[in-house]
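Architecture and fold: a report
Here's the letter readout for the chains.
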Amino acid sequence: MKYIAGFIGCGNMGGTLANAVCSAIGGANVALCDLDGAKVRAISEKHGATALEIGALAAASKFIFLGVKPQGMATTLGLIKDALASNDDYVLVTMAAGLTKKSITDTLGYECKVIRIMPNTPAAVGEGMILCSYSDGVSEAEKAQFLALLANAGLVDEISEDKIDAASAVSGCGPAFAYIFAEALADAGVECGLTRDQATKYAAQMILGAAKMVRENGNPAALKDAVCSPGGTTIAGVHALEDCGFRAAAMNAVTAAYKRTLELKK
Ligand SMILES: NC(=O)c1ccc[n+]([C@@H]2O[C@H](COP(=O)([O-])OP(=O)(O)OC[C@H]3O[C@@H](n4cnc5c(N)ncnc54)[C@H](OP(=O)(O)O)[C@@H]3O)[C@@H](O)[C@H]2O)c1
């Protein structure tokens with residue numbers, strides 16, 4: 001096997017993961033393919049990864065990342081089907097929203113090893129949340145090899161496939177919700193007299209630090225209580241958030257995203 005990882009589709013998500021995988025295992029071990037040659041060049045010039053035609057990539061890669069849109073998946077699988085027959089050891093890695101592992105093998109028409117992942121864009125800065133579900137045939141050694149590929153992409157968590165949509169509503173859609181929160185904090189900072197750059201930097205660093213505290217402590221309610229002194233400024237701000245239904249707004253955002261995911265699958 002010549003390449004440890006091959007990426008078909010190097011757009012927003014595929015390209016982000018391709019960069020992370022190149023930085024983890026070296027570009028010489030990675031093959032790339034995209035209808036848009038500029039996307040491939042941007043990664044291969046940075047990491048020394050190899051541009052290949054889709055069939056050659058499918059025939060010569062161990063982990064084949066399918067970074068195409070869900071509606072393009074059937075066409076893409078059709079394009080690599082013959083080449084896969086000449087590859088005696090491969091694992092397909094699908095990141096397509098809403099497509100199950102079974103739908104991939106059903107489309108191919110035969111059983112093969114599949115890993116379904118649901119990444120998010122913060123993988124671009126090494127802080128992604130990557131949910132994954134393995135098909136039965138994927139060995140423990142292959143799981144370890146796969147996790148090593150994503151070592152620089154962020155946190156990887158195995159989850160049963162029927163929970164991927166729910167998890168994705170939190171971690172996949174969540175960055176947009178967090179960006180709105182950051183923007184709103186910065187807007188208020190500007191209203192209070194900070195420059196836009198100052199306000200954005202302070203809001204971002206605060207969210208980063210608070211996120212690390214939650215990740216390590218595991219109890220956001222206790223962390224909140226710890227920074228609310230009696231009669232103080234923070235509890236006054238918390239009261240204002242509660243007055244505006246902030247908690248319900250955040251919950252509604254996640255459940256609306258989840259409901260929309262289910263609608264799109266019908
Ligand atoms: N973006 C996210 O935040 C996110 C998060 C989680 C999961 N995902 C999943 O990731 C997948 C990719 O999404 P994306 O946002 O990265 O899409 P994208 O930016 O449009 O990238 C897809 C790339 O694949 C190329 N492509 C399509 N068919 C191809 C083929 N047969 N051979 C080679 N290249 C091909 C496309 O080229 P053309 O543009 O020329 O067609 C495009 O450059 C989707 O299945 C999506 O559900 C995305």
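Residues numbered from 1 in each chain as written. Predicted model: local features only at pLDDT ≥ 70, side-chain atom pairs only at ≥ 80, totals over all residues. Heavy atoms only, no water.

**A look at a nonpolar patch on the surface**
Using the following cut-off: Here the term patch refers to residues with relative accessible area over 30% and no salt bridge, with like charges joined within 9 Å and nonpolar side chains (Val, Leu, Ile, Met, Phe, Trp, Tyr) within 5 Å. Values of accessible area rely on a 1.4 Å probe in the Shrake-Rupley scheme; residue burial ignores everything except the protein chains shown. Should a side-chain nitrogen of Lys or Arg be within 4 Å of a carboxyl oxygen of Asp or Glu, the pair is scored as a salt bridge. Runs of E in the DSSP output that reach at least two residues are strands. Runs of H or I that reach at least four are helices, and both are numbered from the N terminus. Exposure categories follow from relative accessible area, calculated using a 1.4 Å probe and restricted to protein chains: below 20% of the type maximum is buried, above 50% is exposed, and the middle band is partly exposed.
On the surface, a nonpolar cluster with roughly 380 Å² of combined accessible area is contributed by Phe181, Leu185, Met206, Leu241 and Phe246. Within the secondary structure layout, Phe181 lies in helix H8 (residues 174-191). Under the relative-accessibility criterion, Phe181 is labelled partly exposed at 31%.

**A word on the environment of Leu223**
By secondary structure assignment, the location of Leu223 is in helix H10 (residues 220-226). It is 7.9 Å that separates the C-alpha atoms of Leu223 and Met213, two residues lying 10 residues apart in sequence.

**Section: the domain arrangement of the protein chain**
The cut-off we apply is this: Domain extents, as shown, originate in an automatic or database domain assignment. Any two residues whose heavy atoms approach within 4.5 Å are treated as being in contact. Buried area is understood as the total, over both parts, of accessible area removed when two parts are fitted together, assessed with a 1.4 Å probe. Counted as a polar contact is a pair of N or O atoms within 3.5 Å, where, for protein atoms, one must be capable of donating a hydrogen and the other of accepting one, and residues adjacent in sequence contribute only when both atoms are in side chains.
You can read the domains of the protein chain as domain 1 (3-160) and domain 2 (174-265). Here domain 1 and domain 2 have C-alpha centroids that lie 33 Å from each other. Taken together, the contact pairs 5 residues of domain 1 with 4 residues of domain 2. Between domain 1 and domain 2, a total of about 350 Å² is buried, with carbon and sulfur atoms accounting for 57% of that surface. For domain 1, the biggest contributors to the area lost against domain 2 are Gly98, Pro122 and Glu127; these three give 61% of the whole. For the pair domain 1 and domain 2, the number of links is 1 salt bridge. One salt bridge in this structure joins Arg215 and Glu127, with 3.4 Å as the shortest N-O distance. Here domain 1 is connected to domain 2 by 1 residue pair in polar contact (both at pLDDT 80 or more).

**With respect to helix H4 (residues 73-85)**
Condition: What a helix is expected to span follows from its residue count: subtract one and scale by 1.5 Å.
The end-to-end C-alpha distance of H4 is 18 Å, a good match for the 18 Å that 13 residues give at a rise of 1.5 Å each. Taken as a whole, H4 has its buried residues at Met73, Thr76, Leu77, Ile80, Ala83 and Leu84. Looking at the buried positions of H4, the neighbouring elements they touch are strand E1 (3-8), helix H3 (54-60), strand E4 (61-66), strand E5 (91-94) and helix H5 (101-108).

**Overview of the site of the ligand**
How we decide: In this text, near means that some heavy atom of the residue lies within 4 Å of the molecule or strand in question. Amino acid classes used here: Ala, Val, Leu, Ile, Met, Phe, Trp, Tyr, Cys and Pro are nonpolar; Asp, Glu, Lys and Arg are charged; the rest, including Gly, are polar.
Taken together, 23 residues sit near the ligand, with Asn12, Met13, Asp34, Lys39 and Val68 positioned nearest. For the ligand, an oxygen atom lies 2.7 Å from a polar atom in the backbone of Met13. Within the contact set of the ligand, an oxygen atom lies 2.9 Å away from a side-chain nitrogen or oxygen of Asp34. When the free accessible area of the ligand is taken as 890 Å², the share hidden by the protein chains comes to 76%. Mapped by element, the contributors of at least two residues to the shell around the ligand are helix H1 (12-25) and H4. Among the elements that make up the shell around the ligand, the one with the highest residue count is H1 (3 residues). Considering only residue class, the shell around the ligand consists of 13 nonpolar, 7 polar and 3 charged.

**Considering the pattern of salt bridges**
Summed over the entire model, instances satisfying the criterion amount to 15 salt bridges. Among the ionic pairs, Asp89 bridges to Lys113, the shortest N-O distance being 3.6 Å. You can see Asp89 sitting in the loop between H4 and E5 and its partner Lys113 sitting in the loop between H5 and strand E6 (114-118), a full 24 residues away along the chain. Judged by relative accessible area, which is 22%, Lys113 ranks as partly exposed. Of the charged contacts, one joins Arg196 and Asp187 as a salt bridge, the two residues approaching to 2.8 Å between their closest N and O atoms. Take Arg196: its relative accessible area is 41%, and that puts it in the partly exposed class. Here the salt bridges do not stand alone but share partners, grouping Lys62, Asp89, Lys113 and Glu142 into one network.

**Structural notes on helix H2 (residues 37-47)**
Each α-helix winds once per 3.6 residues, and so residues spaced three or four apart point in a common direction. Selection rule: The directions from the helix axis to the C-beta atoms are what the arc is built from.
Listed in full, the buried residues belonging to H2 are Val40, Ile43 and Ser44. For H2, the angular spread of buried residues about the axis comes to 95°, placing them on one side. Within H2, the exposed residues directed more than 90 degrees away from the buried face are Ala42, Glu45 and Lys46. The backbone nitrogen of Ala38 has a side-chain oxygen 3.0 Å away, supplied by the residue at the start of H2, namely Asp36. Just downstream of H2, Gly48 is the residue with a positive phi angle, here 75°.

**Things to note about the packing of aromatic side chains**
Two aromatic rings are characterised by how far apart their centres lie and by the angle between their planes. Formally: Pairing of aromatic rings covers Phe, Tyr and Trp, the last through its six-membered ring, and needs centres within 6.5 Å; plane angles under 30 degrees mean stacked, over 60 mean edge-to-face, and all others mean tilted. Cation placement over rings: the criterion is NZ of Lys or CZ of Arg within 6 Å of the ring centroid and within 35° of the ring normal.
Taken as a whole and judged by the stated rule, the model has 5 aromatic pairs. Taken together, a centroid distance of 5.9 Å and an interplanar angle of 40° make the contact between Phe63 and Phe146 tilted. Note that Phe63 is positioned in strand E4 and Phe146 in helix H6 (residues 140-149), a separation of 83 residues in sequence. Judged on exposure class, the residue Phe63 and its partner Phe146 are both buried. Judged by centre distance (6.3 Å) and plane angle (85°), the ring pair of Tyr134 and Phe146 falls under edge-to-face. Of this pair, Tyr134 sits in strand E7 (residues 128-134) while Phe146 sits in helix H6, and the two are 12 residues apart along the sequence. A relative accessible area of 11% places Tyr134 in the buried class. Taken together through their ring pairs, the aromatic side chains of Phe7, Phe63, Phe65, Tyr134 and Phe146 make up a single cluster. The ring of Phe63 has Lys62 lying over it, and the distance from NZ or CZ to the ring centre is 5.7 Å.

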